[in-house]
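Residue-level structural notes
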Amino acid sequence: MTDTAPSPVLPDGQALATLVAGKLCHDFISPAGAISSGLDLLKDPTAQDMRDDAMGLIEASAKKMIALVNFARVAFGAATSAERFSSAELGDLVSGLTEGGRATLNWAVSEGTWSKPQARAMVNLAYLTMAALPSGGVATIRTHVASDGIVIEGAAEGARARLKGEAVSGLAGQPLAEGLPGQWIQPYWLWLTVHDAGGVLDVQVEDGRVALVARMPN
């Protein structure tokens, strides 16, 4: 009798929370560690000639940490008591998190306000569109109104635009068969957000271009 490996399954509520928490910890540890290193340099009497470098490291890392927290509150959390978010607010969240990367963000979202599910989908879709450009390019995020709701489009255009296998599985609402859970959870979270709101998520991968399109009801 031949043993067969169990088929991968989608995570339940507790497992999903564990994966999201793990991703957030992974994202936070780098700027938090850099702040700690900068403080250690400030306290080191033999490293006073590096005081300006230490202050610069602390300032940049604190800015990154604040951007991560603000983004995560909308992308993964309840996002305070606000029920709707303006296009400008959401654009600032994404640009604050992706600033300094190789890709350029073109925020072409129409003016207006967006519900929590729409805002959550928009910022996650924008982040993943930027992430599809590891070697640089332009990520354009735009929206338009359709007869049955709104359409959120992300187009990543660059010489090496691509999606990792884990991201492809997550964006299709499929369980992770192999690879890194940390690379899978945010794409799956985007699919889950759109799906739970009664929408659909389409993904297209071509040479030099990746497109993510979320169609959601108003």
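A brief structural summary. (Residues numbered from 1 in each chain as written. Predicted model: local features only at pLDDT ≥ 70, side-chain atom pairs only at ≥ 80, totals over all residues. Heavy atoms only, no water.)

**Focus on the overall build of the protein chain**
Along its length, the protein chain carries six helices and seven strands. In the protein chain, the succession of α and β elements from N to C terminus is α-α-β-α-β-β-α-β-β-α-α-β-β. Expressed as a percentage of its 218 residues, the buried residues of the protein chain come to 41%. Only carbon and sulfur atoms are counted for the fraction: they give 55% of the accessible area of the protein chain, which is about 11800 Å². (Helix = DSSP H or I, 4+ residues; strand = E, 2+ residues; numbered from the N terminus. Buried < 20%, exposed > 50% of the residue type's maximum accessible area, 1.4 Å probe, protein only. Areas by Shrake-Rupley, 256 points an atom, 1.4 Å probe, with all protein chains shown as cover.)

**Focus on the pattern of salt bridges**
Enumeration over the complete set of coordinates arrives at four salt bridges. Lys23 is paired through a salt bridge with Asp27; the nearest N and O atoms lie 3.1 Å apart. Of this pair, Lys23 and Asp27 both sit in helix H1 (residues 13-43), four residues apart, roughly one helical turn. For Arg215, the salt bridge identified is with Asp202, shortest N-O distance 2.4 Å. A residue pair is termed long-range when its members are at least 10 positions apart, and Arg215 in strand E7 (residues 209-216) and Asp202 in strand E6 (residues 200-206) qualify at 13 residues. (Salt bridge = Lys/Arg side-chain N within 4 Å of Asp/Glu carboxyl O.)

**Quick look at the side chain of Thr143**
Along the polypeptide, Thr143 turns up in strand E4 (residues 137-146). Among the polar contacts listed, one links the side chain of Thr143 to the side chain of Ser110, at a separation of 2.8 Å. If near-sequence neighbours (up to four positions away) are discounted, Thr143 is found in contact with Ala108, Val109, Ser110, Trp114, Met122, Val151 and Ile152. (Polar contact = N/O pair within 3.5 Å; in protein donor to acceptor, adjacent residues only side chain to side chain. Contact = heavy atoms within 4.5 Å.)

**Description of the packing of H1 against helix H6 (residues 181-196)**
Two elements in contact, H1 and H6, have axes whose closest approach is 9 Å; the angle formed by their N-to-C orientations is 120°. By the angle between their directions, the pair H1 and H6 is classed as oblique. For the element pair H1 and H6, the recorded crossing hand is left-handed. Here Leu16, Leu19, Val20 and Lys23 of H1 lie close against H6, whose contacting residues are Pro181, Trp184, Ile185, Gln186, Tyr188, Trp189 and Leu192. Within the contact of H1 with H6, the residues separate by chemical class into nine nonpolar, one polar and one charged. (Axes fitted to C-alpha atoms, helices over the stretch in contact; angles between N-to-C directions. Parallel < 35°, antiparallel > 145°, perpendicular 65-115°, else oblique. Left-handed = near helix turned anticlockwise from the far one by under 90°. Nonpolar A, V, L, I, M, F, W, Y, C, P; charged D, E, K, R; others polar.)

**What about the packing of helix H3 (residues 87-98) against helix H4 (residues 116-131)?**
Where H3 meets H4, the closest approach of the two axes is 10 Å, and the angle between their N-to-C directions is 30°. What the angle tells us is that H3 and H4 run roughly parallel. Our pair here, H3 against H4, has a crossing hand that is right-handed. Counting all contacts with H3, which are made through Leu90, Val94, Leu97 and Thr98, the residues of H4 involved are Ala119, Met122, Val123, Ala126, Tyr127 and Met130. Residues that form the contact of H3 with H4 fall into these classes: nine nonpolar, one polar and no charged.

**Quick look at H6**
In this model H6 runs 21 Å from its N-terminal to its C-terminal C-alpha over 16 residues, within 8% of the 22 Å that 1.5 Å per residue would give. Burial in H6 covers these residues: Trp184, Ile185, Gln186, Pro187, Tyr188, Trp189, Leu190, Trp191, Leu192, Thr193 and Val194. Buried residues along H6 sit in contact with H1, helix H2 (51-75), H4, helix H5 (165-171), E6 and E7. Gly198 occupies a position one or two residues after H6 and carries a positive phi of about 90°. (Expected span 1.5 Å × (residues − 1).)

**Some remarks on the nonpolar core**
The biggest cluster of nonpolar side chains holds 50 residues, and the ones touching the most others in it are Leu90, Leu125, Ile152, Leu190 and Leu201. In this structure, Leu90 is in contact with Val74, Phe85, Trp107, Trp114, Ala119, Met122 and Val123, ignoring residues within four places of it in sequence. (Core = buried A, V, L, I, M, F, W, Y, C linked by side-chain atoms within 4.5 Å.)

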